[in-house]
Amino acid sequence: MSTPFKSGFVSILGKPNVGKSTLMNALTGERLSIITSKAQTTRHRIFGILTGSDFQVVYSDTPGVIDPQYKLQESMMKFVKSSLEDADVILYVVELGEKFEHNPVIDILVATDIPVFLVINKIDQAKGSQLHDKVEYWKEKLPTIPSMQVSALEKLNLEELFSAIKNKLPEHPPFFPEDTLTDKPERFFAAENIREKIFLNYKKEVPYSTEVEIEEFHEEEAIIRMRAVIYVERDSQKGIIIGKKGESLKKVGIQARADLEQFFGKQVYLETYVKVEKDWRKKEKNLKRFGYLN
């Protein structure tokens, strides 16, 4: 008798900065979601697809759960909602030092019939009885939701988490061909990589006011040639992104090109430009253009 094939969608949720993207990358073995120390780095819903001989797990990395303040953040929270609607398993990620704060997603997790795991992340930072105390703390706060304790960064207990996920998946044929790693096109990952470098190199509001669009993407046998436009909301932000004598923008380009060459496995020629699109985060036409609205 053959082993039944299991397949399903696993939604990874949590507040900003709890390591959701690091967890998805670790579970899939691919660097699909960008990672920075700043909150709200993830803006889209990104699939990471892992396929084996008897399973296919479609992980769904989502923006951090927040109270939206403008249209871009409203769109980000719609990605969170859609991931809950088609989830077969839900991972709600909290970091080791996090305390319980009520939010609308918590109500859904407590009431849903979908299997949910509370994933306590960053356990490599635990000291003394801290981990045990946190497990008991969350057991008191969310008694109906079982917890798993992991370190996405150090890849601790990920096999146990994967086994628990797989055990809860329904029997179902695969949703994607077995060699598919994600649902996003190459242009998306190129733009995200550049946006990651902006988050790493600039401070305060500037990274949150930027969006990256790949205007041209031409792949040849030995090289990929691409032209990227970095959009900002203010003329002053344009000056900050470019920097004195263009040095800041040049640094972003060098860092991005190095990562993109590793990601694509071939030489990359990257041109970067900066344009002002006033208040783009608040305008529906811009959000549609950049893929945040249908």
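What counts as what
Residues numbered from 1 in each chain as written. Predicted model: local features only at pLDDT ≥ 70, side-chain atom pairs only at ≥ 80, totals over all residues. Heavy atoms only, no water. Axes fitted to C-alpha atoms, helices over the stretch in contact; angles between N-to-C directions. Helix = DSSP H or I, 4+ residues; strand = E, 2+ residues; numbered from the N terminus. Parallel < 35°, antiparallel > 145°, perpendicular 65-115°, else oblique. Left-handed = near helix turned anticlockwise from the far one by under 90°. Contact = heavy atoms within 4.5 Å. Nonpolar A, V, L, I, M, F, W, Y, C, P; charged D, E, K, R; others polar. Buried < 20%, exposed > 50% of the residue type's maximum accessible area, 1.4 Å probe, protein only. Arc of directions from axis to C-beta. Phe/Tyr/Trp six-rings, centres within 6.5 Å; stacked < 30°, edge-to-face > 60°. Lys NZ or Arg CZ within 6 Å of the ring centre and 35° of its normal. Pairing = 2+ DSSP bridges. Salt bridge = Lys/Arg side-chain N within 4 Å of Asp/Glu carboxyl O.

Peer 1: Looking at this structure, how should I read the packing of helix α6 (residues 186–201) against helix α8 (residues 247–264)?
Peer 2: Each pair of packed helices can be summarised by the angle the axes make with each other and by the distance between the axes. Interhelical geometry of α6 versus α8 gives an angle of 140 degrees and a closest axis separation of 9 Å. On the basis of their axis angle, the class for α6 and α8 is oblique. Crossing of α6 over α8 shows right-handed handedness. Residues E186, F189, A190, N193, I194, E196, K197, I198 and N201 of α6 form the contact with α8, whose own contacting residues are K251, V252, Q255, A256, D259, L260, F263 and F264. The residue makeup of the contact of α6 with α8, split by class, is 9 nonpolar, 3 polar and 5 charged.

Peer 1: Looking at this structure, I do not really get helix α3 (residues 104–111). What am I missing?
Peer 2: Structural remark: α-helix, 3.6 residues per turn; residues separated by three or four positions point the same way. By the burial criterion, the buried members of α3 are V105, I106 and L109. Buried residues along α3 cover an arc of 100 degrees about the axis, so they all sit on one side. Away from the buried face of α3 by more than 90 degrees, exposed residues P104 and A111 are located.

Peer 1: Can you walk me through the packing of aromatic side chains in this structure?
Peer 2: Note on aromatic pairs: each is described by the distance of the centres and the angle between the planes. Throughout the structure, instances matching the rule amount to 14 aromatic pairs. Aromatic pair F47 and F176: ring centres 6.3 Å apart, planes at 70 degrees, arrangement edge-to-face. Linking F47 in strand β2 (residues 46–51) with F176 in the loop between α5 (158–168) and α6, this pair joins segments that are 129 residues apart in sequence. A relative accessible area of 11% means that F47 is categorised as buried. In textbook terms, an aromatic cluster arises when at least three aromatic residues are bridged by ring pairs, as seen for F188, F189, F217, F263 and F264. Positioned above the aromatic ring of Y137 is the side chain of K134, whose terminal nitrogen or guanidinium carbon lies 4.7 Å from the ring centre. Its guanidinium or amino end placed over the ring of F188, K184 lies 5.1 Å from that ring's centre, counting from NZ or CZ.

Peer 1: Explanation requested: the sheet that holds strand β9 (residues 267–276) in the structure shown.
Peer 2: Pairing between the strands of a sheet is mediated by backbone hydrogen bonds and can be parallel or antiparallel. Taken together, the 3 strands give an open sheet; going across it, the order is β7-β8-β9, and neighbouring strands pair in mixed fashion. The sheet is open, and its two edges are formed by β7 (211–219) and β9, each paired on a single side. Neighbour-to-neighbour, the strand axes of the sheet open up by a mean angle of 20 degrees, direction not taken into account. As paired strands, strand β8 (residues 223–232) and β9 are joined by 10 bridges and run parallel to one another.

Peer 1: Teacher, can you tell me more about the pattern of salt bridges here?
Peer 2: Oppositely charged side chains can pair when the atoms bearing their charge come close. By the definition in use, this model includes 19 salt bridges. Among the ionic pairs, K197 bridges to E196, the shortest N-O distance being 2.8 Å. Side by side, K197 and E196 carry an identical accessibility label, which is buried. A salt bridge links E277 to R289; the nearest nitrogen and oxygen atoms lie 3.9 Å apart. Note that E277 is positioned in the loop between β9 and α9 (284–289) and R289 in helix α9, a separation of 12 residues in sequence. According to the relative accessible area criterion, R289 is partly exposed, its value standing at 41%. Residues participating in the shared-partner salt-bridge network are K15, E98 and E101.

Peer 1: Could you clarify how one ought to interpret the sheet that holds strand β3 (residues 55–61) in this entry?
Peer 2: Read from one edge to the other, the open sheet built from 6 strands follows the order β2-β3-β1-β4-β5-β6, with strand pairing classed as mixed. At either end of the open sheet lies a strand with only one pairing partner, and these are β2 and β6 (147–149). For this sheet the average axis-to-axis angle between neighbouring strands, irrespective of direction, equals 25 degrees.

Peer 1: Teacher, can you tell me more about the side chain of K197 here?
Peer 2: Take K197: it is sitting in helix α6. When residues no more than four places from it in sequence are discounted, the contact partners of K197 are V252, Q255, A256 and D259.

Peer 1: Is there a simple way to explain the pairing of β3 in this structure?
Peer 2: Two faces belong to every sheet, and in a regular strand the side chains alternate between them. Here β3 lies mainly inside the structure; 7 of its 7 residues are buried. Of the two faces of β3, the one lined by F55, V57, Y59 and D61 and the one lined by Q56, V58 and S60 are each fully buried. Across 6 bridges, β2 lies against β3 in antiparallel orientation. In the sheet register, I46 faces β3, and the bridge partner there is D61.

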